Each structure stands twice: as C-alpha cells, then as structure tokens.
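Listed here are the chains, written in short residue letters.
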Amino acid sequence: PAADTDYYVIAFGYNGGITSEAYMKTFRTLPGGSVEEVEFSVSVSNITPYSLNMNINSSDPTIFFMPGACVKEEYNEAEYIKYEEEAFDYYYTKSQEFNPSITVAEILDQYYYNGNTTVGVSGLMPDMEIMAYIYALDVHTGHVVKTFTFDAVARTESLSTERPAVELVGY
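One structure accompanies this document, and this report is about it. Only a predicted model underlies this, so the values are computations on that prediction, with no experimental measurement involved.

**Looking at unusual backbone geometry**
Positive phi, close to 50 degrees, is recorded for Asn46, a residue that is not glycine. Its place among the elements puts Asn46 in the loop between strand E3 (40-45) and strand E4 (51-58). One non-glycine residue with positive phi stands out, namely Ala152, at about 45 degrees. Within the secondary structure, Ala152 is located in strand E9 (residues 144-155).

**Remarks on the side chain of Thr5**
Within the secondary structure, Thr5 is located in the segment before strand E1 (6-11). Residue class for Thr5 comes out buried when judged on its relative accessible area of 15%. Within the structure, Thr5 has its side chain in polar contact with the backbone oxygen of Ala3 (distance 2.9 Å). Sequence-distant contacts of Thr5, that is, excluding residues within four places in its chain, are made with Phe27, Arg28 and Thr29.

**A few points about the environment of Glu77**
By the secondary structure assignment, Glu77 is in helix H1 (residues 77-98). Sequence separation between Glu77 and Tyr133 is 56 residues, and the spatial gap between their C-alpha atoms is 9.2 Å. Apart from residues no more than four positions distant in its own chain, Glu77 is found in contact with Tyr135, Thr147 and Thr149. Engagement of the side chain of Glu77 in a polar contact is seen with the side chain of Tyr75, the distance being 3.1 Å.

**Points about helix H2 (residues 104-111)**
Of the positions making up H2, those classed as buried are Val104, Ala105, Ile107 and Leu108. Down the axis, H2 shows its buried residues gathered within 160 degrees of arc, on one side only. Of the surrounding elements, those touching the buried residues of H2 are E1, strand E5 (64-70), H1 and strand E8 (129-137).

**What about the packing of H1 against H2?**
Interaxial distance between H1 and H2 falls to 10 Å at its minimum, and their mutual angle equals 115 degrees. The angle between the axes of H1 and H2 places the two elements in the roughly perpendicular class. Both H1 and H2 take part in a crossing whose hand is right-handed. Of the residues in H2, those in contact with Phe88, Tyr91, Tyr92 and Ser95 of H1 are Val104, Ile107, Leu108 and Tyr111.

**Topic: the pairing of E5**
The element E5 is largely enclosed, with a buried count of six among its seven residues. The pairing of E5 with E8 spans six bridges and is classified as antiparallel. Bridge pairing in E8 links Cys70 to Met131.

Thresholds applied
- Residues numbered from 1 in each chain as written.
- Predicted model: local features only at pLDDT ≥ 70, side-chain atom pairs only at ≥ 80, totals over all residues.
- Heavy atoms only, no water.
- Helix = DSSP H or I, 4+ residues; strand = E, 2+ residues; numbered from the N terminus.
- Buried < 20%, exposed > 50% of the residue type's maximum accessible area, 1.4 Å probe, protein only.
- Polar contact = N/O pair within 3.5 Å; in protein donor to acceptor, adjacent residues only side chain to side chain.
- Contact = heavy atoms within 4.5 Å.
- Arc of directions from axis to C-beta.
- Axes fitted to C-alpha atoms, helices over the stretch in contact; angles between N-to-C directions.
- Parallel < 35°, antiparallel > 145°, perpendicular 65-115°, else oblique.
- Left-handed = near helix turned anticlockwise from the far one by under 90°.
- Pairing = 2+ DSSP bridges.

Following this line, the structure appears as structure tokens:
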C-alpha cells in the first residue's frame, strides 16, 4: 500500500499440512512523490446547517494525509498535530498486539487517505465559517511532515426564518 517500500510474498502448497517447498519473492514498490512537492485543493459540496462534504484533490496519490475542518478561531496547529500523531501511535501500538509484523504503511493504508477523496464533516452549527486543513504524513513514521491550511472554504447554511403554522379550517 505504500510507495518506496519493501514487500515479501511467501507461497507454498497446503492440504492439511505444508505440501511443497516455500517460495519467497521480494519486491520494492516504485518511489513515491515528495511531500514537499505535493499540492492539495479543497472544495465543498452538500452544505447544510450542520454538515458538509469536503472534496480533496491531491496532485500525488502516493502521499498519505489526514484532513480536517473547524472554525478558524479554534484551530491550534500544534495541538491538532499532537492529537493526530498520538492517534497514529495508538493505532500502530494496538495493531501490533495482534499482528506484530504490521507496518506503518499498512496502518496508513487502513486509517488514512491518499489520492482524491471526499470526506463528510458533521457536528457543525448553522451560519458558521469553516476552514480546512490537511496534514501530509511520512510513510515511514506516520507522523505529520507538512501542513496545508485553507481559510474560509465554506459557510454552513443558516436556519430558515420560516415558521410552520397550523390553521384549523373546519371539521
């Protein structure tokens, strides 16, 4: 699942027990792009008072990333990066408990994004201006190596001023 990574495939016959010699093939995936050169763009769709879809385009499908959205005044880059890296470390440590040979690349492939994607953002409030951020991740450590921010990507819809009324017109 990751660029510039060594992989091993082991094959053997099995019929209630091993019936052939084991064969191992190793290969290395092609080099990926550079986190320093990747570019992201963000657009939004399906805006409601409480949610929206964030459409992310990446110039390089080999770069893993974690997107997010919030109110600009609430954005604390150092704190958010710390949370993301703690989350990655937790996924990796807990996954190693049942699969000691799991790799950073496998965790990135399971829990993070690469390429073009659409992410649902919920838990918003009406008439709220939203910013987006994307953290590009290192394929060898899973930690943030570059930050991209996008101010004022959307404003959630306001609630309607219309108030329904019931009028009795007869029996």
